[in-house]
Amino acid sequence: MKKVVFVLCALALFACEDKKEVKSFSAVTVKDIYTEKVSIRAIDVLDGSLGFAGSNGIFGSVDLKTDKVLTNIQKYDTILPEFRATAHTATDFFMLSVTNPALLYKTGENGQMELVYTEKGDGVFYDAIKFWNNLEGIAVGDSVDGCLSVIITRDAGATWNKVACTSLPEGIAGEGAFAASNTNIAIVGNKTWIASTKGRMYFSDDKGANWQTYTVPMDGLGETHGIFSIDFYDENLGFAIGGDFTKPEKNIRNKAITLDGGKTWNLVADGKEPDYKSCVQFVPGRKGNELVAVGFTGISYSKDKGQTWKELSSESFYTIRFVNDTIAYAAGKDRIAKLVFN
């Protein structure tokens, strides 16, 4: 009898905990953990650390327990690359530079970074990188020779091959991606989404073997306006955000949501806050209801899938990644900071 009572009590406690309401955010505390003369648009949560890379060849890591920062500088001949994209597998850290030549490095021997891909030529400009698993990854860049630049690895990043234009949707003149926060690519399982500057969402359901495109109603307002960032909570629910970084106060056609895996998109909070943002992320563990967006215009939060937003801070950042449902790290001009939401 005592055992039955104990089990019933345990079940009752579990039910109460399961129904416990998760409070929405009302504020955020920002603590700088790294300040240096460097622009950082790429951060990546690793196992126990935060990897980052930025301008002037600077890259490094942050210990998530102690917030201790280690940095290094990567040179290519006399060039100090500008890194705007990072990614990782279980064993390696990757960083990808913008402009010509494109330089992709991975963790090498003896703590040195190894150059595994380079590309030279007019128009070369890579924007984002991400991995499906420990063997397969993808990076995207602006259009060259009539199509979006897409490179893929199937051997853990040791070699990368560029996808032929004949295997991609026909390009649009000037189409590319905004290298603002390394969030132009989203991956859920084998499914992949790439947001382009022309209001198109490239989609593949087989890890980049085949592609099609869908339209997002955030295009047509100028070359500096469009989708700057995307995130998917699952294979159906996704969010896109952006605007015009030259006119950051404008908040029309800069936020859209999909509920069907990117096939259709609908504008939300159109003409309402927030204005231009360069990065959006779903808050983990919040059932896809909560979002945080950052930009040099500040930090904004939504508790209802982007229908309404609240500014939590005017602090300036380019990119953000969550460690759990209340702690995130953000980076921007001359800084990396730890953000605690409450």
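Up top is the structure these notes are about.
Let me begin by describing the structure that accompanies this report.

Rules and cut-offs
Residues numbered from 1 in each chain as written. Predicted model: local features only at pLDDT ≥ 70, side-chain atom pairs only at ≥ 80, totals over all residues. Heavy atoms only, no water. Buried < 20%, exposed > 50% of the residue type's maximum accessible area, 1.4 Å probe, protein only. Helix = DSSP H or I, 4+ residues; strand = E, 2+ residues; numbered from the N terminus. Pairing = 2+ DSSP bridges. Axes fitted to C-alpha atoms, helices over the stretch in contact; angles between N-to-C directions. Salt bridge = Lys/Arg side-chain N within 4 Å of Asp/Glu carboxyl O.

**Brief notes about the pairing of strand 10 (residues 137-144)**
By the criterion of burial, strand 10 is predominantly enclosed, with 6 of the 8 residues buried. Across 5 bridges, strand 9 (residues 126-131) lies against strand 10 in antiparallel orientation. If you follow Ile-129 over to strand 10, its bridge partner there is Ala-139. Here strand 9 hands over to strand 10 after 5 residues, the two strands then running antiparallel side by side. Strand direction decides the pairing type here: strand 10 and strand 11 (residues 147-153), joined by 6 bridges, are antiparallel.

**Section: the sheet that holds strand 16 (residues 212-215)**
Spatially, 4 strands are ordered 13-14-15-16 in an open sheet, and the strand pairing comes out antiparallel. Edge positions in the sheet fall to strand 13 (185-188) and strand 16, since each has one partner strand and no second. Strand-to-strand twist of the sheet, defined as the mean angle between neighbouring strand axes without regard to direction, takes the value 25°. Here strand 13 runs beside strand 14 (residues 191-195); their pairing, made up of 4 bridges, is antiparallel. By the bridge assignment, Ile-185 is partnered in strand 14 with Ile-194.

**As for the pattern of salt bridges**
Under the defined criterion, the tally for this structure stands at 13 salt bridges. For Lys-106, the salt bridge is made with Asp-92, and the minimal N-O distance between the two is 3.5 Å. One end of the pair, Lys-106, is in strand 7 (residues 102-107); the other, Asp-92, is in the loop between strand 5 (83-88) and strand 6 (93-97), and 14 residues separate them in sequence. A salt bridge links Lys-191 to Glu-235; the shortest N-O distance between them is 3.6 Å. Of the two residues, Lys-191 sits in strand 14 while Glu-235 sits in the loop between strand 17 (225-232) and strand 18 (238-244), which places them 44 residues apart along the sequence. Glu-235 gets classed as partly exposed once you look at its relative accessible area, which sits at 38%. Through salt bridges that share partners, Asp-32, Glu-315 and Arg-335 make up one connected network.

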